[in-house]
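Fold and contact review
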Amino acid sequence: MKNIWFVAKKEIKTYFTSPIAYVVIAVFLVLISFFYYSIVSWFNSQAIQMAQNPYYYQQLNINQMVYSPLFGNMSIVLLLMLPILTMRLFSEEKKSGTEELLYTSPISVSQIILGKYLAALIVLLAMLGLTGILSLFTFAYGNPELKPILAGYLGLFLMGAAFIAIGIFFSSLTENQIVSAILTFGALLLFWILNWTSNSAGGIGKDILNYLSIFQHFDDLSRGTVDTTDIVYYISFAFFGLFLTHSVIQSRRWR
Amino acid sequence: MIEVADLTKKYGELLAVSGLSFKVEKGKIWGLLGPNAAGKTTTMRILTGFLPATDGKATVAGYDVFEQPNEAKRIIGYLPEVVPLYPEMTVSAYLNFVAEIKQVPASKRKEGMEKAIKASGLEPVRGRLIKNISRGFKQRVGIAQALIHDPQVLILDEPTIGLDPAQIIEIRQLIKSLKGEHTIILSTHILQEVTQTCDGVVIINEGKLMASGLLEELTASFREKDGIVLKLRKGGEEAATHFKKVAGIEKINQENNEFTIEWSHGKDLRDEITKLVVEKGWGLVEMRSIAMNIEDLYLKIVSGGVAQ
């Protein structure tokens, strides 16, 4: 446990002594704030229109009309940004030769992987946590429900955790950071749009494609519905990525 | 302290190390000498647990590096060929991280760090980012990270590569000063490094062991000729003609009153020569035996392919 933390601490330090973490977090916040602003403006204009009709006015729902689309936007931005966060984790160690230090130290490969994973998760938490400031405005001037918002954040965190695991896997494959980022991005996007073909697949193929699609699982969570299937999906996705990383590193050294 | 038996490593079809065996006693410095691509780095990587061997056994202080890797790694300090540095970290933050992952207990971490910084002369740069320090200091940081957990065994892969002559001397001094407390293996393709710092040497070429042993023993066993350098006060030509008559002398070089005299290995003609000098009253100024140097030995072994 301690060893995992030692590695994580080093990675966090590296994230914050280099500009990577600041740039990723800042760009993320700028984009999300802009999305928030434009969605809330749209919501306001809707509210003014609907105020004339008491029936429609009842239908106005901040959670549905502001948070669901906002979470959708956040998930896309995460898809774009997280590969940048993970691309260097193993590639750089390999390229600069520092992997020799890690693997000749009395800590296990799993501890190294989990340490790096933990560090990226903490940066993800920071990214998501800081967007919470936006909710202060919604709560100050409106009356959204808290639970669906928390469910959405849980979804974003789990999805990000799965993204990071896949990113770490691709980072362990190559010593080139750009290659690692592009592969991660491609793989994630592919999983994202996997269900687009599900209608033509039909039958069991449809179910499988729908189940594998990242988007399908996020849909429920962003609407505020916490379903264990979705949680299990993201956790197994993350576990799978880390497991593959472990296999890659072990096999490299045994070859 | 370090024992390697029948070590073999294949990268696919390429045989990098083949049936290598040697032993290093406690508290000594041994050099792993060989031309580039001889298998030095591979051998060291196997000893440190970075690479598994295809076949054979390696033990460090009684721990098998394959069976008990964690125990072995705890007592090995390793400086890889490419110094493993994180350029974005400060020297002290980096050393602290290494101490952590080398399992130095929290209570001893500070002490270990101070000791390593002092031993490797890093005091002036401890607060600076690694990317901003000079090549020589980077190499020292590499040595400091190898020392930080006070390992019994130090494995240094080409510790002086890329340094300027003054730095090379400093690093050699540093390595010598670590002897005794630590058992050290260092690899190099620089011959003087071995003669100046090592007690023993393992010479490998194309993955095979060519020779190993203590330096004096090795040079003695590979010697074909013995000889002396002799300086006289007077005598000159006369002495030369007399020396030529001494049975067994094979070669004489004369330059005024200075002679280089050689005979085939096994004999000892020093008594005859001194007797002659004293009898004739030429005045003995200096007499020393010519040791075969490691360079001759190395070239002979590596180019001639003499296996022992």
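Everything below is about the structure printed above this text.
Notes on the structure in this doc start here. Keep in mind it's a predicted model, so treat the numbers as computed, not measured.

Before going further, it helps to examine the overall build of chain B. Each helix and strand counted, chain B has eleven helices and 14 strands in total. Along the first, second and third principal axes, the C-alpha set of chain B runs to 75 × 45 × 30 Å. Relative to its full complement of 308 residues, chain B shows a buried share of 41%. A fraction of 68% describes how many contacts in chain B between residues 6 or more apart in sequence connect residues 24 or more apart.

Moving on, we get to the packing of helix α4 (residues 62-86) of chain A against helix α7 (residues 109-141) of chain A. Residues and elements named next belong to chain A. Between α4 and α7, the least distance of the axes is 12 Å, while the angle of their chain directions is 155°. With respect to α7, the element α4 is oriented roughly antiparallel. Considering how the two elements wind past one another, α4 and α7 form a crossing that is right-handed. Seen from α4, the contacting residues are Ile62, Val66, Leu85 and Thr86; seen from α7, they are Ala120, Val123 and Thr138. Looking at the contact of α4 with α7 residue by residue, the class counts come to five nonpolar, two polar and no charged.

What follows concerns the interface of chain A and chain B. Each partner contributes to the interface: chain A provides 18 residues, whereas chain B provides 22 residues. Broken down by secondary-structure element, the contributors of at least two residues to the side of chain A that touches chain B are α1 (2-17), α6 (99-103) and α13 (228-254) of chain A. Looking at the side of chain A that touches chain B element by element, the count peaks at six residues for α1(A). When grouped by side-chain class, the residues that make up the side of chain A that touches chain B number six nonpolar, eight polar and four charged.

What follows deals with the pairing of strand β11 (residues 225-232) of chain B. Residues and elements named next belong to chain B. Examined bridge by bridge, β11 and strand β13 (residues 258-264) share seven bridges and lie antiparallel to one another. Across the sheet, residue Gly227 finds its bridge partner in β13, namely Glu262. As paired elements, β11 and strand β14 (residues 284-289) share five bridges and run antiparallel to each other. Note that in β14 the partner of Lys231 across the bridge is Glu286.

One key point about sheets: their strands pair by backbone hydrogen bonds, in either a parallel or an antiparallel sense. Residue and element names in this part refer to chain B. Taken together, the six strands give an open sheet; going across it, the order is β6-β7-β8-β3-β9-β10, and neighbouring strands pair in mixed fashion. Edge positions in the open sheet fall to β6 (76-79) and β10 (208-214), since each of these has one partner strand only. Averaged over all pairs of adjacent strands, the angle between their axes in this sheet comes to 15°, without regard to strand direction. Examined bridge by bridge, strand β3 (residues 29-33) and strand β8 (residues 183-188) share five bridges and lie parallel to one another. When the sheet's bridge partners are listed, Trp30 is paired in β8 with Ile185. Of the strands in this sheet, β3, β7 (153-157), β8 and β9 (200-205) touch helix α1 (residues 40-47), which is tilted by about 150° from β7. Strands β3, β7 and β8 of the sheet are contacted by helix α6 (residues 165-178), whose axis makes an angle of about 150° with β8.

What follows is about unusual backbone geometry. Where the residue is not glycine, phi is negative for most of them; where a peptide bond is considered, it is trans in most cases. Residue and element names in this part refer to chain B. One non-glycine residue, Ala37, adopts positive backbone phi at about 65°. In this structure, Ala37 sits in the loop between β3 and α1. By the C-beta count within 10 Å, which is 13 here, Ala37 ends up partly exposed. The backbone of Asn256 sits at a positive phi, close to 50°, despite the residue not being glycine.

Residues and elements named next belong to chain B. The four strands lie next to each other as β2-β1-β4-β5, forming an open sheet whose pairing is antiparallel. With partners counted over all chains shown, the strands left at the sheet margins are β2 (14-24) and β5 (63-64), one partner each. Note that strand β4 (residues 55-60) and β5 share two bridges and pair antiparallel. Residue Val60 lies in a different strand from β5, and its bridge partner there is Tyr63.

Each value, and the rule that gives it
- Residue positions are given per chain, counting from 1 as you read along its sequence in written order.
- Whichever chain is written first becomes A and whichever ligand is written first becomes 1, with later ones labelled in order.
- Whole-chain, interface and lining totals are the exception, using all residues; otherwise, since this is a predicted model, local features are given only for residues with pLDDT of at least 70 and side-chain atom pairs are given and counted only at 80 or more.
- Put simply, DSSP H or I for four residues or longer makes a helix, DSSP E for two residues or longer makes a strand, and each gets a number counted from the N terminus.
- Each residue is classed by its C-beta neighbour count within 10 Å, where at least 20 other C-beta atoms makes it buried, 12 or fewer makes it exposed, and intermediate counts make it partly exposed; the C-beta atoms are placed from backbone geometry.
- In this description, any two residues whose backbone-derived C-beta atoms lie within 7 Å of each other are considered to be in contact.
- Every angle, taken between N-to-C directions, lies between 0 and 180 degrees, and every axis is a line fitted to C-alpha atoms, over only the stretch in contact when it is a helix.
- In what follows, roughly perpendicular refers to angles from 65 to 115 degrees, roughly parallel to angles under 35, roughly antiparallel to angles over 145, and oblique to any angle outside these ranges.
- The handedness criterion is simple: a crossing whose near helix is rotated anticlockwise from the far helix by less than a right angle is left-handed, and one whose near helix is rotated clockwise is right-handed.
- In this classification, Asp, Glu, Lys and Arg are treated as charged, Ala, Val, Leu, Ile, Met, Phe, Trp, Tyr, Cys and Pro as nonpolar, and every other residue, Gly included, as polar.
- At least two DSSP bridges between two strands are required for those strands to pair.

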